[in-house]
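Survey of secondary and tertiary structure
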Amino acid sequence: MISLRNARLMRGEQVLLEQTDLTIHKGRKIGVIGRNGSGKTSLFACLTGQISLDQGDLDMPEGLRIAWMQQETRGHSRSAVDHVIDGDHRYRAVEQRLMSAEQRDDTDGIVQAHSELDRMNAYDIDARARQLLSGLGFSTDEFDRPVSAFSGGWRIRLNLAAALMAPSDLLLLDEPTNHLDLEATLWLEQWLNRYEGTLLIISHDRGFLDRVIDHVISFEDGRLILYRGNYTAYEKQRAERLAQQQAMAEKQQRRRAEIEAFVARFRAQANKARQAQSRLKELDRMQEIAPAHIDSPVSFRFRSAEKLPGELLGIDGGVIGIEGNPLVSPVNLRLQPGSRIGLLGLNGSGKSTLLRTLAGRLPLLDGKLDTSRHLRIGYFAQHQVDEMDGRQSALNLLQEADPVAREQHLRNFLGGFDFHGDRVTEPVSNFSGGEKSRLALAIIAWQQPNLLLLDEPTNHLDMEMRHALTVALQEYEGGLVIVSHDRHLLDNTVDEYAVIREGRFREFDGTLDDYARWLQAQQQVDATAKATAPDHASSAEPPDARSRRQDAAARRQAVAPLRKEVRVLETSIDDLNRRLSGLEDSLADSSLYEPDNKNQLTTLLQQQAELRSELQHIEQQWLEKAAELEEH
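Residues numbered from 1 in each chain as written. Predicted model: local features only at pLDDT ≥ 70, side-chain atom pairs only at ≥ 80, totals over all residues. Heavy atoms only, no water.

**Quick look at the packing of helix α3 (residues 89-104) against helix α4 (residues 107-119)**
Test applied: Helix axes are fitted only over the stretch in contact, all axes being lines through C-alpha atoms; the angle between N-to-C directions runs from 0 to 180 degrees. A run of H or I in DSSP becomes a helix once it reaches four residues, and a run of E becomes a strand once it reaches two; helices and strands are each numbered from the N terminus. Under this scheme an angle from 65 to 115 degrees is roughly perpendicular, one under 35 degrees roughly parallel, and one over 145 degrees roughly antiparallel; angles in between are oblique. The crossing is said to be left-handed when, going from far helix to near helix, the turn is anticlockwise and less than a right angle, and right-handed when the turn is clockwise. We call two residues in contact when some of their heavy atoms are within 4.5 Å.
At a minimum axis separation of 8 Å, α3 and α4 run at an interaxial angle of 155°. On the basis of their axis angle, the class for α3 and α4 is roughly antiparallel. α4 is crossed by α3, and the crossing has left-handed handedness. Contact residues: Arg90, Tyr91, Val94, Arg97, Leu98, Ala101 and Glu102 in α3; Gly109, Ile110, Ala113, His114, Glu116 and Leu117 in α4.

This is the structure:
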């Protein structure tokens, strides 16, 4: 058991914790929640002995083994495998004693060291390190590369592997999924669910937390509040607390009404299909937890696009790659207003390359690309924050995007992204990674895009900004293609998925849970093929596995036209709902009901009846096609 009593913790002149009590029981898996700068990392530093409490007591069991994830690693010549094994300090110490005993020809020392290594199950440590590296996305030919050969993000993965390698009773992980793709995140979830010690995780990935933790520690007004359950349970409990505060009542009801309206619009076209049902369930749950975010400093919308053409962009027979080297083919893709696609695939499979091609940053190597003359793209690159001119201010950068906009309008808009007062005129070089990401999204949102291409937009974002982004994307009317390892964001903002695997781009008919199962099956097939194939043909598949994959591909191909019909009908339903909404706004004008406007009123009422009839007809078609698709 770990306990804090009457704890006070400061950073400089800022008080992070004041008169705080907390008890952490053995074996709990806890998510540590709080806004950026609230003190989460400082709490970890206190638990690891790097800093001390300014007041109060911290009690920890004697001999407690603590492992934590380093945030930075300088380049060095040790191999990736050795770096991971270095995480087990006890093993390295015994290994050093063994080497010393061998040099002295100390038989007793050699026997004692081997006995200790045997008790530690240390003879398979190299294999365990390689398994960790493989699970976190490293290829076998990278295991023996020097750490200096890896980029910053991959070095963070090495640090994560080193922390997992260390035998521990308490494991502290600070943003472990920030540099992971979805596949590595799924692997990490499984590893942590098997971990038997006490786990504390700082993360802004709520889906990841939901599947790993059983308690939440929340930084609230200088206190640590312990909640039972996962992140969703925490939101509901916090929502109940905030709902009782009268000062928040009006704002809470307004937010509830916004979400109810969105759910109602979606319900009109989503009664049958499994994926639609799944998303509707998520939206209903979001309505329940909305009050937990009432006091969020962030609230924004993507400004409505001036024009929404029937088709935004299309690729036929596309070949994508870099500098003439093909990476993915063929790519066949049509994007319309209302298209919402989550792009799945392993790191390096070509997801970012495809987004860069769609954004016009890379040319097609082959095939045909058609774009609407009214196309306006909002592109968020994975490393966009590193490309910002640090000498400019947030206000300057937004003014560059729209030189004719009034300064006060720009300031008001930046306020929705939690940039206020003098902060809007400070150099961007003073901003954190999270603030730069918020600013990049603000600039995109201001430009009124009708197609959003988002490559890992949640990196560096805290929980409140991720929630605000989810809400904004739900209300967005244009097309969307997104790459993200944040499963909650994907669950709540996309309607369909596409996957890039082994150089092929294809639609994926299913949910993220289906994808996780499919990915596991594919990995088992690959492992079986590798284990059973002769050395000269290690990549060959067993005939039965190949046959199953070919059958599955044939089934997907057979239902592709049906899926396309369903999407076309959904686009029509969206369009009719928008037109009906506009008509109903016009009919709400009381002046229409004066005698002089009788003819105009009659025309509008007739148009309304025709649209409702057409909507009912198309919805019936949609239900029939969706049910037919479900049968497949």
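Past the structure itself, the notes keep going.
**Digging into the pattern of salt bridges**
Note on pairing: side chains with opposite charge can pair once their charged atoms come close. Quick reminder of the rule: Each reported salt bridge corresponds to a side-chain nitrogen of Lys or Arg within 4 Å of a carboxyl oxygen of Asp or Glu.
Applying the stated criterion across every chain yields a total of 30 salt bridges. The closest approach of N and O atoms between aspartate 389 and arginine 391, which form a salt bridge, is 3.1 Å. Salt bridges here are not isolated pairs; linked through shared partners, they connect Arg78, Asp82, Asp86, Arg92 and Glu95.

**Notes on the sheet that holds strand β17 (residues 496-501)**
Consider a sheet: its strands pair through backbone hydrogen bonds, and that pairing is either parallel or antiparallel. The criterion, for reference: Here, strands pair whenever DSSP counts at least two bridges between them.
If you walk across this open sheet you meet the six strands as β14-β15-β16-β12-β17-β18, and the pairing is mixed. Either end of the sheet is taken by a strand with one partner, and the two such strands are β14 (377-380) and β18 (504-508). The mean angle between the axes of side-by-side strands here comes to 15°, regardless of whether they run parallel or antiparallel. Across five bridges, the pairing between strand β15 (residues 451-455) and strand β16 (residues 479-483) is parallel.

**A closer look at α3**
Spelled out, the test is: Helix span, as expected, comes to 1.5 Å for every residue beyond the first.
The first and last C-alpha atoms of α3 sit 23 Å apart over 16 residues, in line with the 22 Å expected at 1.5 Å per residue. Looking at the buried positions of α3, the neighbouring elements they touch are α2 (80-85), α4 and α5 (125-135). Looking one or two places after α3, you find aspartate 105, whose phi comes out positive at around 60°.

**Remarks on the environment of leucine 64**
Put simply, the test is: Think of it in three bands: with a 1.4 Å probe and only protein chains considered, a residue is buried below 20% of the maximum accessible area for its type, exposed above 50%, and partly exposed in between.
Take leucine 64: it is sitting in the loop between β4 (55-59) and β5 (66-68). Leucine 64 sits in the partly exposed class, given a relative accessible area of 24%. In sequence terms leucine 64 and leucine 170 are 106 residues apart; their C-alpha atoms lie 7.3 Å from each other. Those residues in contact with leucine 64 that lie beyond four places of it in its chain are Ile2, Asp169 and Leu170.

**Some points on the sheet that holds β4**
Judged by pairing direction, the sheet is antiparallel, and its three strands sit side by side in the order β2-β1-β4 without closing on themselves. The sheet is open, and its two edges are formed by β2 (14-24) and β4, each paired on a single side. Here the strands of the sheet are splayed against their neighbours by 25° on average, with no regard to which way each runs. Where strand β1 (residues 2-11) meets β4, four bridges bridge the pair, whose relative direction is antiparallel.

**As for the pairing of β16**
Threshold: Here is how to tell: hold the view so the strands point away, follow the path from the first strand over the helix to the second, and if it runs clockwise the crossover is right-handed.
Taking burial as the measure, the five residues of β16 include five buried ones, the bulk of the element. By the alternation rule, side chains of β16 split into Gly479, Val481 and Val483 and Leu480 and Ile482, which are all buried. Looking at chain direction, strand β12 (residues 340-344) and β16 are connected through three bridges and run parallel. Note that in β16 the partner of isoleucine 341 across the bridge is valine 481. Handedness of the crossover joining β15 and β16 through helix α16 (residues 463-475) is recorded here as right-handed.

**Section: unusual backbone geometry**
Going from serine 329 to proline 330, the amide bond is cis rather than trans, its omega being -10°. Residue position: proline 330 is located in strand β11 (residues 325-335). Its identity is not glycine, yet aspartate 221 carries a phi of approximately 55°, on the positive side. One non-glycine residue with positive phi stands out, namely glutamate 323, at about 50°. Residue placement: glutamate 323 occurs in the loop between β10 (313-322) and β11. We classify glutamate 323 as exposed; its relative accessible area is 77%.

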